[in-house]
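A look at the structure
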Amino acid sequence: MIEKYSGQQAEFSVCFEFEASLKKEVGVLGIYLGESTNQVIVSLGEKEKFTSKIARRACAKAVAFVKSMAGSSVVIDFAPVVQTLGEAGVLAGLEGINLSLFEAENWKSNSAKKSFTVYIDATEKVDDIEEKIIQVSNVSQNVLFARQLVNAPANFLTPLNMAKEMVQAAEKCGIETTVLNEQEMRDLGMNALLTVGTSSGNPPCLIVLRYNGDPASEEKIALVGKGVTADTGGYCLKPANSMKGIRGDMGGAAAACGAILSLAQNKVPVNVVTVIPAAENRISDDSFIPGDVIFSMAGKSIEIGNTDAEGRLLLADALTYAIEKENATRIVDLATLTGAVVGMFGFTTAGAVSNDDLFYEQFERAYATSDEQYWRLPIFPEYEKMIESPVADLSNMSNDGCGTITAALFVGAFNQGLPWIHLDIAGTAWVDSPKWEFQSVGATGAGVTTLYELCKLYARKG
Ligand code: BES
Ligand code: ZN
Ligand code: ZN
């Protein structure tokens, strides 16, 4: 909860000071006891190098620290942030506060959540910021919603339960929703998705959320998010130590949902459809196996090289659905798709692939605002060959390395030439040890803010 500074004495007070002589590094805390209040000084580093990201991190660090000291409230003096960065810094700082207030659900029998209040000492005024504060707050809440979905155990968050959660949240902000069941997907020929989804007793579904913020426009951005609520690998079973992250394989779905909720709540004038293929990847007596050939909704045949490469099968049909049934004019898909991207970029940076430079330029602007990190990968013609199959139009696995790019190219084969961006967030959607102060252990909510900023760039002007 963020409230304006009420003037009352707080248990702890936090000041940000440029001159803090204790330590030079950003985010290092020096503590000293004042006369009547406890103060925490978060050094912001050198003034010239002060950025929104540092403001976000410093605010998060202050909150986390006071919480760890069993404090119940904190006053944050925003003056240095206002003076140096203005509005952008204030909004980033508020986001840091919101995100650091997150407490993951647990199922301990004796758990109790403590309330915590943050007061902003806003002696320096920024004009016309009130509405933007509400907007940032909405987006942050949706980042936290995404985290909650991703953290939820797979036995709670089955595909149908995920649909229920998302539909409930979407309806609250006037988003139109449709959930296709197995039979409806069969009627549409979505057999790539069904091949994966019918491996489980928990049936698959397709979740569709529509926000038409600009009804006069024909333009429509599709956000397609991989929604595998449990990925065992199927018959190409994952080794036990890789199974820990099994429930987090719907980070793309959570982000696509969080972004559209934010756009609707903030009434951004843009048309967006979120399409989420939701399924479990399990083993049953009639699950798919390597060597099978299956047929996608687009009519392309696919040879199964590895049943653990299930995400691209879901995305293939979801892209086709978004284009043919929802009339999308441009597409972003995002997914916890490959282990290879984690090897490449670790847990701070997601891989990106695009067929459209202008679209990608906008995307770069979007993530510059959100402060998330992405890196574009090349799509040389030689890579296309790596997913050729001797018996089908495509293979779902490369035998020649380049796991992240070949997975992207597989999905791209279903974009029908529309402007398209593919994001592999396998490294960034989940952190066993947080990389920035505004993160918590587990789900990060990666992608929500960047997708929101990207769609905003396509909103009607004026
Ligand atoms: N969901 C996984 C990718 C993943 C790995 C996500 C690590 C998060 C952390 C995906 O379905 C998968 O298993 N991909 C395989 C593809 C391979 C078999 C071609 C992979 O990356 O190993
Ligand atoms: Zn897999
Ligand atoms: Zn997966």
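These remarks concern the structure in this document. Everything quoted here is computed from the prediction, not taken from an experiment.

Thoughts on the sheet that holds strand S13 (residues 301-303)
- Taken in spatial order, the three strands line up as S12-S13-S17 in an open sheet, and their pairing is mixed. What marks the edges here is a single partner per strand, and that holds for strand S12 (293-295) and strand S17 (394-395).
- Looking at chain direction, S12 and S13 are connected through three bridges and run antiparallel. If you follow Val293 over to S13, its bridge partner there is Glu303.

With respect to the coordination of the zinc ion (ligand 2)
- Every protein donor of the zinc ion (ligand 2) is listed here as Asp231 (OD), Asp308 (O), Asp308 (OD) and Glu310 (OE), and their distances to the metal cover 2.0 to 2.2 Å.
- With six donor atoms in place around the zinc ion (ligand 2) and angles of 71 to 170 degrees between them, the coordination shape is irregular.
- Mapped onto the sequence, the residues coordinating the zinc ion (ligand 2) show the spacing D-x76-D-x1-E.

Comments concerning the site of ligand 1
- Lys238, Asp249, Asp308, Glu310 and Gly339 are the nearest of the 15 residues found near ligand 1.
- Glu310 has a polar side-chain atom sitting 2.9 Å from an oxygen atom of ligand 1.
- Given that more than half its atoms are within 2 Å of the pocket grid, ligand 1 belongs to the largest pocket.
- Of the residues assigned to the shell around ligand 1, the class counts are four nonpolar, four polar and seven charged.

Structural notes on the layout of surface pockets
- Size it by volume and the largest pocket reaches roughly 930 Å³.
- Every residue lining the largest pocket is counted, 34 residues in all, and those nearest its centre are Lys238, Thr338, Gly339, Val342 and Ala426.
- Elements represented by at least two residues in the lining of the largest pocket include exactly helix H10 (339-345), helix H13 (403-412) and strand S19 (430-431).
- The element best represented in the lining of the largest pocket is H10, accounting for three residues.
- Considered class by class, the residues forming the lining of the largest pocket number twelve nonpolar, 13 polar and nine charged.

Re the packing of aromatic side chains
- Overall, the coordinates contain nine aromatic pairs when judged by the stated rule.
- A ring pair is formed by Phe363 and Tyr367, whose centres lie 5.3 Å apart and whose planes are at 65 degrees; its orientation type is edge-to-face. Placement of both Phe363 and Tyr367 in helix H11 (residues 357-370) is noted, with a separation of four residues, approximately one turn of the helix. Note on accessibility: Phe363 and Tyr367 belong to one class, buried.
- For the cation-ring pair, Arg56 lies above Phe438, with the distance from its terminal atom to the ring centre recorded as 5.9 Å.
- In this structure, Arg376 packs its charged tip against the face of Tyr360, placed 4.6 Å from the ring centre.

Rules behind the numbers
Residues numbered from 1 in each chain as written. Chains lettered and ligands numbered in written order. Predicted model: local features only at pLDDT ≥ 70, side-chain atom pairs only at ≥ 80, totals over all residues. Heavy atoms only, no water. Pairing = 2+ DSSP bridges. Helix = DSSP H or I, 4+ residues; strand = E, 2+ residues; numbered from the N terminus. Donors = N, O, S within 2.8 Å, 3.2 Å for Na, K, Ca; no water. Tetrahedral: all angles 85-135°; square planar, octahedral: opposite > 155°, others 65-115°. Near = heavy atom within 4 Å. Polar contact = N/O pair within 3.5 Å; in protein donor to acceptor, adjacent residues only side chain to side chain. 1 Å grid on protein atoms, 1.4 Å probe; cavity = no way out; pocket = protein on both sides within 12 Å on 5 of 7 lines; lining within 4 Å. Sits in = over half its atoms within 2 Å of the grid points. Nonpolar A, V, L, I, M, F, W, Y, C, P; charged D, E, K, R; others polar. Points joined across faces, edges and corners; volume = space filled by probe spheres on them. Phe/Tyr/Trp six-rings, centres within 6.5 Å; stacked < 30°, edge-to-face > 60°. Buried < 20%, exposed > 50% of the residue type's maximum accessible area, 1.4 Å probe, protein only. Lys NZ or Arg CZ within 6 Å of the ring centre and 35° of its normal.

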